[in-house]
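# Structural description and commentary
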Amino acid sequence: MKPGNLTQSFDCVIVGGGHGGSQTAAALRQCGFTGSIALIGAEPEIPYDRPSLSKDYLAGKKTFDRMHLRPQDFWGAREVELLLGRHVRTVDPTTHTVMTDRGEQFSYGQLVWAAGGDPRKLSCPGSDLAGIFYIRSKADCDALIDVLPGARRIVIIGGGYVGLEAAAVFREIGKDVTLVEALDRVLARVAGEPVSRFYEKEHRARGVDIRLNSNVASLQGVNGRVSRVVLETGDAIAADVVVVGIGIIPSVGPLVTAGAKSTNGIDIDAVCRTSLADIYCIGDCARLENGPGIRIESVQNATDQAITAAKAICGEFKAYDATPWFWSNQYDLKMQTVGLNYGFDSVVTRGDPATRSFCVMYLKKGAVLALDCINSPRDYVQGRKLVESAARIDPAALADTSRQLKEIDLVMS
Amino acid sequence: MATISVRTRNGELHSFDGRIGASLMENIRNAGFDELLAMCGGCLSCATCHVYVEQLPSSANLPVSSIDETELLEGSDYRRENSRLSCQIPFDETLSGIVIGIAPED
C-alpha cells in the first residue's frame, strides 16, 4: 500500500505536543473553531508541564500525573485527535500534507508548527559514551533519574538555567556537583553580570564546584561508560554521570526544507504566519520578524503565541504583543523575569544581593527593558508596568529601595 | 465526596467532585476548565490561576495568603477582596461546597 492511500485529512494539524501545541488546540476550540484538529507530538505522553522536569520532577517532589497540562479526557472532549509518538519528517506546502516517521500522511487546511527544539548535543570525542544525559523530555529525565541512586559525582556541562536548576536539585539530594561553563560567567547569554555573580556565589556556597572559562575537550570512559570530563586546560574531572545543558536547536528541518523563510528558527509575522501559505509557527522554534530578532524559549511565549495563531486561524488578526516573562527556581531562590533584556546598555541593581532579595533592571538608552527579580515578587509585579511603558527613569531613583517602583516618577515620558 | 463549584467567565456554574490533596488549581484544570492557564504549573511564579472565592463553607478556613501571593495578585487589574491564586489552596474535605469564580485574564 502506498502511503498516499492512508492520507487522513484535518482542518488543522498542529505539530508539537508541548505547551505551544496543546494551547493552540485548546485556544482554537475556545475561539469556536469547529473543524477537525490533529495534534502530532513526538513524545508518547499527553501534553505536560515541561519546566517542572529540571525542577520538582527531577527532585522527586512532583509526580508526573500532576504535570499534565490538561486531563487525558480533555482532548477527546474537545475533539482533538492526539497522534503521539510520531515525528513529522516532511511538509509539502503545495499539496498541504505532512508525513510522519511512521509513513503516515496527513493533509491539513492550516498547519501550526510548534515542534520546539532538541537539546544541543555535545560533539567532542567521547560524546557517545553511556552516562551522558540531557534534560528536555520526560524520557530524558526518567533515564537520568534511573541512574541517580548509583551516582555520586555529577558533572554538569553548561551554566544556563537548566544546568543551574539541575545543580540545585543534585546538591539537595547530596550529590557532588561540578558545573562547567565555557564563558566567563553563568547565565551569560540571558542575564546581566550581577545576576550571574549572585547565582555563582549561591551555588558555590552550597558546594557546587563551578568552573568558568572552561571548554570541554573530551569525555573519557571505562567500558563504554563516562568516567571523566577532560577540559581543554588538561584538567580532568571525575564523573559518574554527565548532564548536558547547552541550549536547544530549533526543530524546524522539515519546514526549512519546504521553503519557509528562516533565520534562526522560522521567521513569523505579527500573527505567527510563516512565509508559506496556511502555515503558522509558534514558540521556541519561531522568530518574530518585527521583534527583538531572537527566538524566545519560554512557556509564556509559546502559550501566548499559540493564542495569537489560534485567533488568526479563526479570522481574528491580533498582533502578538504579550509582555515576556519567565521564571527559574533554584534552592530557595525564586527568580522572576519580566521583559527582554536583549540589547541593554546599562544595568541598575535595586537592593543588595547579599540580602538574597533584589532585582536587576536592564535599560537601553535610558528606557527600562527588563527586570530580573530574585525573591522580589513586588518589584516583578510593579516593574512590569515600567517595562510595558518603556519608562525612562533616573537610575538613582530606580535603585532607591525606600520607594516602591510604582511610586517612582518618570524622568520624562 | 467533596464538591467544588466553578463559575466560568461567561457566568455558568459547574460542580464536580474534587480530588483531596490536589490544589484548587489542579482540580480546576483537571476538571477540564481551559480558561485557567496556570502557566507556571503552580510554583507561585505568575498569576494566571487567579480566582475569586465566592462562597466558603462556614466551617472552612483557607490558608492565609503568603506575601508572595499577595504581591502577585496586586499586579492584576481584576483584583478583588476575595482574590486568590488557586495553586496556593490545597483542597480538602472541609472545603467541600466551595464556589470559585475564574477571574478575567489580565
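One can find the structure itself at the top, above this paragraph.
For the structure given in this document, a descriptive report is provided here. (Residues numbered from 1 in each chain as written. Chains lettered and ligands numbered in written order. Predicted model: local features only at pLDDT ≥ 70, side-chain atom pairs only at ≥ 80, totals over all residues. Heavy atoms only, no water.)

### Side note on the pattern of salt bridges
Residues and elements named next belong to chain A.
- Under the defined criterion, the tally for this structure stands at 32 salt bridges over all chains.
- Between Arg197 and Glu193 there is a salt bridge whose closest N-O contact spans 3.1 Å. Of this pair, Arg197 and Glu193 both sit in helix H5 (residues 193-205), 4 residues apart, which is roughly one turn of the helix.
- On the basis of relative accessible area, Arg197 is assigned to the partly exposed category, the value being 31%.
- For Arg384, the salt bridge goes to Glu388, with nearest N and O atoms at 3.8 Å. Of this pair, Arg384 and Glu388 both sit in helix H8 (residues 377-388), 4 residues apart, which is roughly one turn of that helix.
- Several salt bridges converge on common partners, so that one network encompasses Glu202, Arg206, Asp332 and Arg356. (Salt bridge = Lys/Arg side-chain N within 4 Å of Asp/Glu carboxyl O. Helix = DSSP H or I, 4+ residues; strand = E, 2+ residues; numbered from the N terminus. Buried < 20%, exposed > 50% of the residue type's maximum accessible area, 1.4 Å probe, protein only.)

### Overview of the interface of chain A and chain B
- Listed by partner, the interface residues are 29 residues for chain A and 23 residues for chain B.
- Taken together, both faces of the contact between chain A and chain B bury some 2,300 Å²; the carbon and sulfur share is 46%.
- At the junction of chain A and chain B, the tally comes to 5 salt bridges.
- At the surface where chain A touches chain B, the tally comes to 15 residue pairs in polar contact (both at pLDDT 80 or more).
- If you list the elements that add at least two residues to the side of chain A that touches chain B, you get helix H1 (19-30), helix H7 (299-313), strand S20 (325-330), strand S21 (333-339) and H8 of chain A. (Contact = heavy atoms within 4.5 Å. Buried area = accessible area lost by both parts, 1.4 Å probe. Polar contact = N/O pair within 3.5 Å; in protein donor to acceptor, adjacent residues only side chain to side chain.)

### Brief notes about H7(A)
Residue and element names in this part refer to chain A.
- Under the 1.5 Å per step criterion, the end-to-end length of H7 is 21 Å for 15 residues, consistent within 8% with the ideal 21 Å.
- When you tally the buried positions in H7, you get 14 out of 15 residues, the bulk of the element.
- Gly315, located one to two residues past H7, shows a positive phi value of around 95 degrees. (Expected span 1.5 Å × (residues − 1).)

### Looking at the environment of Arg287(A)
All names here are of chain A.
- Structurally, the position occupied by Arg287 is in strand S19 (residues 286-288).
- For the pair Arg287 and Gln72, spaced 215 residues apart in sequence, the C-alpha separation works out to 31 Å.
- Discounting residues that sit within four places of it in the chain, Arg287 has contacts with Thr263, Asn264, Ile266, Asp267, Ile268, Gly293, Ile294 and Arg295.
- Of note is the side chain of Arg287, whose polar atom sits 3.3 Å from the side chain of Thr263.

### So, the layout of surface pockets
- Looking at the second largest pocket, its volume works out to about 1,100 Å³.
- Lining the second largest pocket are 40 residues; nearest its centre among them are Asp304(A), Met39(B), Thr48(B), Glu105(B) and Asp106(B).
- Secondary structure elements with two or more residues in the lining of the second largest pocket: H1, H7 and H8 of chain A.
- Taken together, the residues of the lining of the second largest pocket break down into 18 nonpolar, 9 polar and 13 charged.
- Counting residues domain by domain, the lining of the second largest pocket receives three or more from each of domain 1 (8-118 + 248-313) and domain 3 (332-412) of chain A. (1 Å grid on protein atoms, 1.4 Å probe; cavity = no way out; pocket = protein on both sides within 12 Å on 5 of 7 lines; lining within 4 Å. Points joined across faces, edges and corners; volume = space filled by probe spheres on them. Nonpolar A, V, L, I, M, F, W, Y, C, P; charged D, E, K, R; others polar. Domains from an automatic or database assignment.)

### Comments concerning the pairing of strand S15 (residues 241-244) of chain A
Residues and elements named next belong to chain A.
- By the alternation rule, side chains of S15 split into Val241 and Val243 and Val242 and Val244, which are all buried.
- Strand direction decides the pairing type here: strand S8 (residues 132-134) and S15, joined by 3 bridges, are parallel. Residue pairing in the sheet places Ile132 in a bridge with Val242 of S15.
- The sheet contact formed by strand S9 (residues 153-157) and S15 spans 4 bridges and is parallel. Opposite Ile157, over in S15, you have Val244 as the bridge partner. (Pairing = 2+ DSSP bridges.)

### Let's talk about the sheet that holds strand S13 (residues 225-231) of chain A
Residues and elements named next belong to chain A.
- Taken in spatial order, the 3 strands make up an open sheet running S12-S13-S14, and their pairing is antiparallel. Each end of this open sheet is capped by a strand with a single partner; those strands are strand S12 (216-222) and strand S14 (236-238). Adjacent strand axes in the sheet meet at a mean angle of 30 degrees when their direction is disregarded.
- Bridge count for S12 against S13 is 6 bridges, and the pairing is antiparallel. (Axes fitted to C-alpha atoms, helices over the stretch in contact; angles between N-to-C directions.)

### Considering the nonpolar core
Residues and elements named next belong to chain A.
- Core analysis: the biggest nonpolar cluster contains 101 residues, and Val91, Trp113, Met361, Leu371 and Leu398 have the highest contact counts within it.
- Examining the composition of this core, we find that 7 residues originate from one element, H7, more than from any other.
- When residues are assigned to domains, this core turns out to be shared by domain 1 (8-118 + 248-313) and domain 3 (332-412), each giving three or more.
- In this structure Val91 touches Thr97, Val98, Tyr108, Leu111, Trp113, Pro254, Leu255, Ala258 and Ile279, once residues within four positions along its chain are discounted.
- Of all hydrophobic cores here, the second largest spans 42 residues; its members include Tyr48, Leu144, Leu148 and Tyr199. (Core = buried A, V, L, I, M, F, W, Y, C linked by side-chain atoms within 4.5 Å.)

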